[in-house]
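Notes for the structure review
Chain by chain, the residues:
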Amino acid sequence: MALQGAFAEHVRALEAVGARTRLVRLKEDLAGLDGLVIPGGESTTMTMLMQRMGLYDAVRDAVNGGLPALGTCAGMIILADRISDGIEGQRGFGTLDIAVRRNGYGRQLESFESPLQLDGDPEAFPGVFIRAPVVLDAGTTEVIAQHEGRPVGVRQGRAMALAFHPELSGDLRLHRRFLELVRS
Ligand code: GLN
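Below you will find a few notes about this structure. All figures in this text were calculated on a predicted structure; none of them were measured in a lab. (Residues numbered from 1 in each chain as written. Predicted model: local features only at pLDDT ≥ 70, side-chain atom pairs only at ≥ 80, totals over all residues. Heavy atoms only, no water.)

This next bit is on the overall build of the protein. Across its full length, the protein carries five helices and 10 strands. Computed over the C-alpha atoms, the radius of gyration of the protein is 15 Å, within 12% of the 16 Å expected from 2.2 N^0.38 for a compact globule of 184 residues. Referenced to the eigenvectors of the C-alpha coordinate spread, the extents of the protein come out at roughly 40 × 40 × 30 Å. Taking all 184 residues of the protein together, 50% fall into the buried category. Nonlocal contacts in the protein, meaning residues at least 24 apart in sequence, comprise 63% of its contacts between residues at least 6 apart. For the protein, the accessible surface area stands at approximately 8,600 Å², while carbon and sulfur atoms represent 46% of it. Distance between charge centres in the protein, computed from 20 positive and 23 negative side chains, equals 3 Å. (Helix = DSSP H or I, 4+ residues; strand = E, 2+ residues; numbered from the N terminus. Rg over C-alpha atoms; globule rule 2.2 N^0.38 Å. Buried < 20%, exposed > 50% of the residue type's maximum accessible area, 1.4 Å probe, protein only. Contact = heavy atoms within 4.5 Å. Areas by Shrake-Rupley, 256 points an atom, 1.4 Å probe, with all protein chains shown as cover. Lys, Arg positive; Asp, Glu negative; His and termini not counted. Charge placed at Lys NZ, Arg CZ, Asp CG, Glu CD.)

What surrounds the ligand is the set Gly40, Gly41, Glu42, Ser43, Cys73, Ala74, Ile77, Arg102, Asn103, Ile130, Arg131 and His165. Glu42 places a side-chain nitrogen or oxygen 3.4 Å from an oxygen atom of the ligand. The protein chains hide 98% of the 300 Å² of surface that the ligand would expose on its own. (Near = heavy atom within 4 Å. Polar contact = N/O pair within 3.5 Å; in protein donor to acceptor, adjacent residues only side chain to side chain.)

A word on the sheet that holds strand β4 (residues 96-101). For sheets, the rule is that strands pair by backbone hydrogen bonds, running either parallel or antiparallel. Here we have three strands laid out as an open sheet, ordered β3-β4-β7, and mixed in their pairing. Either end of the sheet is taken by a strand with one partner, and the two such strands are β3 (80-84) and β7 (134-137). Strand after strand, the sheet turns through a mean of 35° between neighbouring axes, direction not considered. Sheet analysis places β4 next to β7, joined by three bridges and oriented antiparallel. The residue bridging Arg101 from the neighbouring strand is Val134, located in β7. (Pairing = 2+ DSSP bridges. Axes fitted to C-alpha atoms, helices over the stretch in contact; angles between N-to-C directions.)

Once that is clear, we can look at the pattern of salt bridges. Considering all chains together, one arrives at 13 salt bridges under this definition. Its salt-bridge partner being Asp81, residue Arg82 comes within 2.7 Å of it at the nearest N-O pair. Judged by relative accessible area, Arg82 falls into the partly exposed class, the value being 30%. The class for Asp81 is partly exposed, based on a relative accessible area of 39%. Put simply, Asp81, Arg82, Asp97 and Asp137 are held in one network by salt bridges that share partners. (Salt bridge = Lys/Arg side-chain N within 4 Å of Asp/Glu carboxyl O.)

Within this model, the largest pocket holds a volume of roughly 550 Å³. Lining the largest pocket are 24 residues, and of these Arg20, Thr21, Arg22, Leu33 and Gly35 lie nearest its centre. Counting only elements with at least two residues in the lining of the largest pocket, the list comes to α1 (7-16), β1 (36-38) and α5 (173-183). Grouping the constituent residues of the lining of the largest pocket by class yields 15 nonpolar, five polar and four charged. (1 Å grid on protein atoms, 1.4 Å probe; cavity = no way out; pocket = protein on both sides within 12 Å on 5 of 7 lines; lining within 4 Å. Points joined across faces, edges and corners; volume = space filled by probe spheres on them. Nonpolar A, V, L, I, M, F, W, Y, C, P; charged D, E, K, R; others polar.)

Right, let's talk about the sheet that holds strand β10 (residues 159-162) for a bit. An order of β1-β2-β10-β9-β8-β5-β6 is seen for the seven strands of this open sheet, with the pairing classed as mixed. The two strands at the open ends of the sheet, each matched to only one other strand, are β1 and β6 (121-130). When the angles between neighbouring strand axes are averaged without regard to direction, this sheet yields 25°. Where β1 and strand β2 (residues 69-72) come together, three bridges link them in parallel fashion. Note that in β2 the partner of Ile38 across the bridge is Gly71.

Written out as structure tokens, the structure is:
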């Protein structure tokens with residue numbers, strides 16, 4: 001989804017792992033997609049732009065209907081079921097049974113890099129966090145990434161969400177995992 005935020009970096013990462021990409025700005029751009037990335041940026045702005053462009057219902061219905069989705073940072077908030085510290089009336093799609101707190105790492109930790117643990121992979125992943133949401137409750141999702149014992153990546157069905165920015169890390173493992181999810 002290319003309304004706002006760090007979509008260009010996702011395009012580069014996805015193409016580097018062998019995917020073909022399309023920028024989604026209009027409802028018509030969704031036709032025939034095998035998967036959708038909802039990038040980092042600002043969840044409130046992105047939600048407003050989706051509404052303004054007539055995309056909101058179409059994207060929510062596609063993703064909730066099983067279109068494989070990867071939400072990063074703001075994208076995680078958009079896929080969430082429960083949002084704390086959102087703006088008034090801010091709602092997520094409810095695709096993932098998670099509760100998140102916007103900008104939940106606090107001011108002193110607005111942006112930081114720190115190694116993460118991925119499930120089933122002993123090699124640490126370089127986590128890039130930028131005003132990231134905190135996962136308050138991972139609900140019934142499968143936790144696929146942790147930072148200091150806290151969930152920062154989850155998967156449920158064919159949707160994945162990460163509190164950090166894998167597209168800015170230079171490490172393609174999570175884009176590869178998303179591609180596997182799309183192909184599964
Ligand atoms: N704080 C932003 C939001 O609420 C997310 C930041 C990001 O995507 N890097 O949407």
